[in-house]
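Examining the three-dimensional arrangement
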Amino acid sequence: MNQFHVDDLFSDALRAELVSQVKKESPAAKRTRTRLWLGTGALAGAGLLGVGAAAAGLFVIPGGEKVTPLASPVTTTYTGTATVELGAPPEGTTGIQMELRCLTPGWFEFPDGAAASCSEEDAASDRLGWSGYTISLVPGQDSVTIKTDPEARWQLTAEYVKQERTPLGVNAKGETYGVESQESGTPDLIAVMATNGQSGYAYASDLHGGPMPSSPEDAVKNFSTPRPPREIPVFESDGETEIGVFMAAGSGGGIPSYPTRSAPPG
Amino acid sequence: MGNKGDSEEGLWHRSLLGQGDAFGALYDRHRDRVFRHAYRLCGNHHDAEDIMAASFLELWRRRRKVRVVEGSILPWLLVTTTNMARNCTRSTLRYQRLLSALPRTEDLSDPTADSYRSYQDTLDQDLARALTTLAAEDLHLVALVVFEEYTIAAAAAVLGLSPAAAKSRIHRARQRVRAALDGDASTNPPTAPTPVLEGERT
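Just so you know, these numbers come straight off a predicted model, no measurement behind them.

What counts and how
Residues numbered from 1 in each chain as written. Chains lettered and ligands numbered in written order. Predicted model: local features only at pLDDT ≥ 70, side-chain atom pairs only at ≥ 80, totals over all residues. Heavy atoms only, no water. Helix = DSSP H or I, 4+ residues; strand = E, 2+ residues; numbered from the N terminus. Buried < 20%, exposed > 50% of the residue type's maximum accessible area, 1.4 Å probe, protein only. Contact = heavy atoms within 4.5 Å. Areas by Shrake-Rupley, 256 points an atom, 1.4 Å probe, with all protein chains shown as cover. Axes fitted to C-alpha atoms, helices over the stretch in contact; angles between N-to-C directions. Parallel < 35°, antiparallel > 145°, perpendicular 65-115°, else oblique. Left-handed = near helix turned anticlockwise from the far one by under 90°. Nonpolar A, V, L, I, M, F, W, Y, C, P; charged D, E, K, R; others polar. pLDDT = per-residue confidence, 0-100. Disulfide = S-S within 2.5 Å. Phe/Tyr/Trp six-rings, centres within 6.5 Å; stacked < 30°, edge-to-face > 60°. Pairing = 2+ DSSP bridges. Core = buried A, V, L, I, M, F, W, Y, C linked by side-chain atoms within 4.5 Å. Expected span 1.5 Å × (residues − 1).

1. Remarks on the overall build of chain A
The helix and strand tally for chain A stands at five helices and 15 strands. For chain A, the residues scored as buried account for 42% of the 266 residues in total. At a minimum sequence separation of 6, the contacts of chain A that also span at least 24 residues come to 65%. By element, 55% of the accessible surface of chain A is carried by carbon and sulfur atoms, the whole surface being about 12,900 Å².

2. What to know about the packing of helix 4 (residues 74-86) of chain B against helix 8 (residues 136-147) of chain B
Residue and element names in this part refer to chain B. Interaxial distance between helix 4 and helix 8 falls to 10 Å at its minimum, and their mutual angle equals 130 degrees. Classified by the interaxial angle, the pair formed by helix 4 and helix 8 is oblique. Crossing hand, helix 4 versus helix 8: right-handed. In this structure, helix 4 uses Pro75, Leu78, Val79, Thr82, Asn83 and Arg86 to contact helix 8, whose residues at the interface are Ala136, Leu139, His140, Ala143 and Leu144. Class assignment for the residues of the contact of helix 4 with helix 8 results in seven nonpolar, three polar and one charged.

3. Description of the confidence of the model for chain A
Residues and elements named next belong to chain A. Looking at chain A as a whole, its pLDDT mean stands at 73, while 71% of the residues score no less than 70. In the model, residues 29-58 has pLDDT below 50 throughout and makes 65 contacts with residues more than four positions away in sequence or in other chains. Every residue in residues 252-266 is under pLDDT 50, and counting partners more than four places away or in other chains gives 28 contacts.

4. Things to note about the state of the cysteines
Residue and element names in this part refer to chain A. Tallied over the full model, the rule gives one disulfide over all chains. Note that Cys102 is cross-linked by a disulfide to Cys118, the S-S spacing being 1.6 Å. Taken as a pair, Cys102 in strand 4 (residues 95-102) and Cys118 in strand 6 (residues 115-118) lie far apart in primary sequence, 16 residues in all. Residue Cys118 is classed as buried on the basis of its relative accessible area, which comes to 10%.

5. What to know about the packing of aromatic side chains
Residues and elements named next belong to chain A. Within this structure, the stated rule accounts for seven aromatic pairs over all chains. When the centroid spacing of 4.7 Å and the interplanar angle of 25 degrees are considered together, the rings of Tyr78 and Trp154 count as stacked. In this pair, Tyr78 sits in strand 2 (residues 74-79) while Trp154 sits in strand 9 (residues 153-165), placing the two residues 76 residues apart along the sequence. Judged by relative accessible area, Trp154 falls into the buried class, the value being 0%.

6. Details of helix 1 (residues 8-16) of chain B
Residues spaced three or four apart along an α-helix face the same direction, because each turn holds 3.6 residues. All names here are of chain B. With eight of nine residues buried, helix 1 is to be regarded as a mostly interior element. Along helix 1, the residues classified as buried are Glu8, Gly10, Leu11, Trp12, His13, Arg14, Ser15 and Leu16. One or two positions beyond helix 1, positive phi appears at Gly18, with a value near 90 degrees.

7. A short note on the packing of helix 2 (residues 20-42) of chain B against helix 3 (residues 45-61) of chain B
Between two packed helices, both the angle of their axes relative to each other and the distance between the axes serve to describe the pair. All names here are of chain B. In contact at an axis separation of 8 Å, helix 2 and helix 3 are set at 135 degrees when each is read in the N-to-C sense. In terms of axis orientation, helix 2 runs oblique to helix 3. When you trace helix 2 past helix 3, the crossing you get is right-handed. Residues Phe23, Leu26, Tyr27, His30, Arg31, Val34, Phe35, Ala38, Tyr39 and Cys42 of helix 2 lie in contact with helix 3, whose contacting residues are His45, Asp47, Ala48, Glu49, Ile51, Met52, Ser55, Phe56, Leu59 and Trp60.

8. Here we look at unusual backbone geometry
Residue and element names in this part refer to chain B. One non-glycine residue with positive phi stands out, namely Glu70, at about 50 degrees. Of note, Glu70 is situated in the loop between helix 3 and helix 4. Exposure remark for Glu70: the relative accessible area of 35% places this residue in the partly exposed category. Even without being a glycine, Glu149 presents a positive backbone phi close to 60 degrees. Topologically, Glu149 is positioned in the loop between helix 8 and helix 9 (152-159). What makes Glu149 partly exposed here is its relative accessible area of 48%.

9. So, the pairing of strand 4 of chain A
Residue and element names in this part refer to chain A. Here strand 4 lies mainly inside the structure; six of its eight residues are buried. Bridging between strand 4 and strand 9 involves eight bridges; their strand directions are antiparallel. Counterpart to Met98 in the pairing with strand 9 is Ala158.

10. So, the nonpolar core
Grouped together as the largest cluster of nonpolar side chains are 68 residues, with contacts concentrated most on Trp12, Phe23, Met52, Phe56, Leu59, Leu131 and Leu144 of chain B. Looking at this core, the element that brings in the most residues is helix 2 of chain B, giving 11 residues. With residues near it in sequence (within four places) discarded, Leu131 of chain B still touches Arg40, Leu41, Leu139, Val142, Phe147 and Val177 of chain B. Ala82, Tyr133, Ile135 and Ala152 of chain A belong to the second largest nonpolar core, which has 22 residues in total.

11. Quick word on the confidence of the model for chain B
Residues and elements named next belong to chain B. Model confidence for chain B is summarised by a mean pLDDT of 79, while 77% of its residues fall at 70 or above. Element-level mean pLDDT values for chain B span from 64 in helix 5 (residues 88-93) up to 91 in helix 2. Across residues 185-193 the pLDDT falls below 50, and counting only partners more than four positions away or on other chains, this stretch makes 14 contacts in the model.

12. What about helix 4 of chain B?
End to end, helix 4 of chain B covers 18 Å across 13 residues, agreeing with the expected 18 Å (1.5 Å per residue, within 8%). Of all 13 residues in helix 4 of chain B, 11 are buried; the element is thus mostly enclosed.

13. Digging into the pairing of strand 3 (residues 82-85) of chain A
All names here are of chain A. Judged by which residues are buried, strand 3 turns out to be one-sided: Ala82 and Val84 face inward and are buried, whereas Thr83 and Glu85, on the alternate face, are not. Taken together, the four bridges between strand 3 and strand 8 (residues 143-146) define a ladder with antiparallel strand orientation. In the sheet register, Ala82 faces strand 8, and the bridge partner there is Ile146.

Below is the structure:
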């Protein structure tokens, strides 16, 4: 064994674990989206840009969620637990998009129980002290309540939005492509990012390849037998133009085999 | 968007949006340097793997606090690695169950059989011990500037120091390490003077 290299088996399993932890953060993975942290000022700016651009209908991956603001945002500063009145929701509202900025350290709880904690350092910084979060609109709801310590100060920007699941795309070969979701199911071509950083699509059959387990015992065996990650091709949405490769996670690193696969085209 | 997605900041941004592959690409990019750095600080292969793993897990857990310096997360990651290595047992404890669940290739070779390797081990451990004589902030500086060849400006930025303060600290820190190594006659200091780069790198 080489002293100066990481054990491949260990590294592959760690990589799979990291990838799956990160994926838990994705809106597609979470129906009830919890929270989205953005790191630095530059990134926060980029994130906002992304929201604006997404709202304008740009670069929404088919099958992804499109968020359209329906009313102008309300920004107010509060101390302690308070309810922010937003007025009557416009027709078509599906959620409330919020940005919470903490002005003092503390623990801030959103209406559905998700929470953001804020340290001394966060509160002092324009870049660190904010978190973005979108909740689904409950019928009859026209306000949001943020619970916190009596002396904690915070600022909330909230606006009504309409979240829409965009339909999956269909290419010339009749294959569907886009983001998998509960509503749309698994497309033939799943949106991935290639190792070279290019965005493209990988065949679901490649991604989740391998025989399905035939019994619970078999599934346990599959799951606990490590299989190394493997390279699979990444295409443009036409399913033909190859633009890079994607490292499909091996099994045994915490990623179970996929339960369903879409039927082959044709 | 141009090709922003290919840059490290782009990958980091995508990671924050829950795109696991982007984080995977960052892992691929920095794994070896983080591992080597962890190894340098602890002088033991197995611990270095644990520290490397914990550093990446910590990178994700504390993603909201990460400072991107010169378009890269590596300086932050190396600082975290240094912290992990300094209080190895305490900091990896959080991830202990996960770490021990990750599979490893059995190491069948007998470490005592290979004399080169045991000599190397001694050297590595001497350096690791000399580095423990440094205060946390100084160790961060030495790690970034001496070992990883960051500019003093970049190191100062990630550590929140002024460049002038960083410069004088690093000078003292290097003297300390050298003294700690010289105190042990069996070793040649592997920290021979290294040219230190100042100013911004473009």
